[in-house]
Amino acid sequence: MPNKDSVTLIDNRTGKEVELDLLKPTSGPMTIDISRLYKELGYFTYDPGFMATASCWSNITYLDGGKGILEYRGYPIEQLAEKSTFLETCYLLLNGDLPGKNELEAFQEKINTHNMLHEQLKTFYSGFRRDAHPMATMVGVVGALSAFYHDDEDVHDASDRMDAAHRLIAKMPTIAAWSYRYAMGMPFVQPRNDLGYAENFLHMMFSMPSSEYKVDPTMAKALDIILILHADHEQNASTSTVRLAGSSQANPFAVLASGIASLWGPAHGGANEAVIQMLTEINESDKDLAHFIDRAKDKEDRFRLMGFGHRVYKNYDPRAKIIREICHEMLENNPVSNPEHQALLDTAMELEKIALEDDYFKSRNLYPNVDFHSGIIFLGMGIPLNMFTVLFALGRTVGWVSQWNEMMGDPKGKIGRPRQLYTGESTRDYKEITKR
Ligand code: CMC
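Conventions we followed
Residues numbered from 1 in each chain as written. Predicted model: local features only at pLDDT ≥ 70, side-chain atom pairs only at ≥ 80, totals over all residues. Heavy atoms only, no water. Salt bridge = Lys/Arg side-chain N within 4 Å of Asp/Glu carboxyl O. Helix = DSSP H or I, 4+ residues; strand = E, 2+ residues; numbered from the N terminus. Buried < 20%, exposed > 50% of the residue type's maximum accessible area, 1.4 Å probe, protein only. Contact = heavy atoms within 4.5 Å. Near = heavy atom within 4 Å. Polar contact = N/O pair within 3.5 Å; in protein donor to acceptor, adjacent residues only side chain to side chain. Areas by Shrake-Rupley, 256 points an atom, 1.4 Å probe, with all protein chains shown as cover. Nonpolar A, V, L, I, M, F, W, Y, C, P; charged D, E, K, R; others polar. Pairing = 2+ DSSP bridges.

Draft legend 1. Representation of the pattern of salt bridges within the structure. Inspection of every chain in the model, using the stated rule, returns 15 salt bridges. With a closest N to O distance of 2.8 Å, Glu406 and Arg243 form a salt bridge. Taken together, the residues span a long stretch of sequence, with Glu406 in helix α18 (residues 388–408) and Arg243 in helix α10 (residues 237–246) at a distance of 163 residues. A single burial state applies to Glu406 and to Arg243, both of which are buried. Here the residues in one salt-bridge network are Glu281, Arg295 and Asp301, joined through shared partners.

Draft legend 2. Expanded view of the environment of Ile228. Considering the arrangement of structural elements, one finds Ile228 in helix α9 (residues 217–230). Under the relative-accessibility criterion, Ile228 is labelled buried at 0%. Note: C-alpha distance between Ile228 and Phe86 (142 residues apart in sequence) is 5.2 Å. When near neighbours in sequence (up to four residues on either side) are disregarded, Ile228 contacts Tyr72, Ile77, Leu80, Ala81, Ser84, Thr85, Phe86 and Thr89.

Draft legend 3. Quick peek at the site of the ligand. Near the ligand there are 21 residues, and of these His268, Leu305, Gly307, Arg311 and Asp371 occur at the shortest range. Separating an oxygen atom of the ligand from a side-chain N or O atom of His268 is a distance of 2.5 Å. For the ligand, whose unbound accessible area comes to 940 Å², protein coverage reaches 77%. Here the shell around the ligand is composed, by residue class, of 9 nonpolar, 6 polar and 6 charged.

Draft legend 4. Geometry of the pairing of strand β2 (residues 17–23). When strand β1 (residues 6–10) meets β2, the two strands line up antiparallel, connected through 5 bridges. Across the sheet, Val7 pairs through a bridge with Leu20, a residue of β2. With antiparallel pairing between neighbouring strands as the criterion, β1 and β2 make up a hairpin whose turn holds 6 residues, including Gly15 at a positive phi of roughly 80°. Pairing geometry for β2 and strand β3 (residues 31–32), over 2 bridges, is antiparallel. Following the sheet pairing, Leu22 is matched in β3 by Ile32.

Quick look at the structure:
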């Protein structure tokens, strides 16, 4: 009689049976432990894009794509977006529970202690082309932090790992804002500890030495919520990259740089920038929206509607639901002064309406994702286009370090080493160059 929490696999070729354990999660589907499969049957498993493979265990974030659920440490994203702040959410993700008043103050203090950058780090900025994309600068500068914090960083020491996490969360707004300032040829602005996390970022982005800059509280609040929505998303491409890079026990700052690189692509965090590029392409062309919708459906055409679809959300993205409300509220209450931006926003709203009613998109469960509306909000806020993905990275940093910390704290942790289905040449003999 097989164990009820197991599945039996029968090899039709040999008749051999193997009983594999079924692991029971707190929530979500039961998971077959296939780690013994190769030893028992001599087979690998094949799952391109990890469509059905749990690459690790995790206590941090739960999502159910079918039901549109997203929870950080058990707390629904809707409640955190409404009631929490980004820094409190950072504490929650890193430590596992919401902080008490004193804990939150101490955490805030810790972040304030670390938000400045080493003076020598400025030279890394000046090594970049003056018009470098801020994401390129981010990859380089965050990676360069490993040169500043290496010898005293023991990845097996829980307190050292927390120090690295605090440093990363604290320094990221400064690094991000400076990436933009460098590209614009503007002087770097130092962080201010009397400001909240999102406020401080906006201050470092937009302050001018020649005039006082007052952070708009509505804008700071909207940004704080957007950062909460982006804070973690379990084992997505960039987080999996961070885990894989970190599994070799590499320096955490170098590991985070790998996550930023992975996030940059338009299929992942780069989509918010790609949304605006697509809207611009549409507005600059002499074709109507129907033409672009047709192109998105055409399998011969690489064009896709950016900001639509998601690997795991096949009903709706709960983050997109929250961000859509912020977006529509912002558009109603703050008319955009730039007519070009207004035209892009009009196209976005029309595109959203058409796609939501179109059978192709409906039948494939392709809804606007979080990047569709965040791109529009950032545009409305006056955030430069090339900073959109940087803002995603700013929010996701806490997710990356929390996942890295969780993995490094597992005494049974192993270096990540996937296998492959080799489809290349069979063994052949080397041919001298004269005989090729
Ligand atoms: N426009 C047109 N068709 C699409 C789109 C789209 N944006 N997304 C998916 N499809 C079609 C796809 O062609 C396929 O059709 P068919 O079944 O006829 O072959 C079907 O929908 C399923 O698509 P898929 O490529 O198998 O889905 P996936 O899970 O591999 O890809 C995705 C998910 C997000 C990469 C994809 O939807 C996409 O490229 N979207 C546009 C880019 C984007 O907005 N990315 C941000 C993702 S959310 C932020 C984040 O978490 O990073």
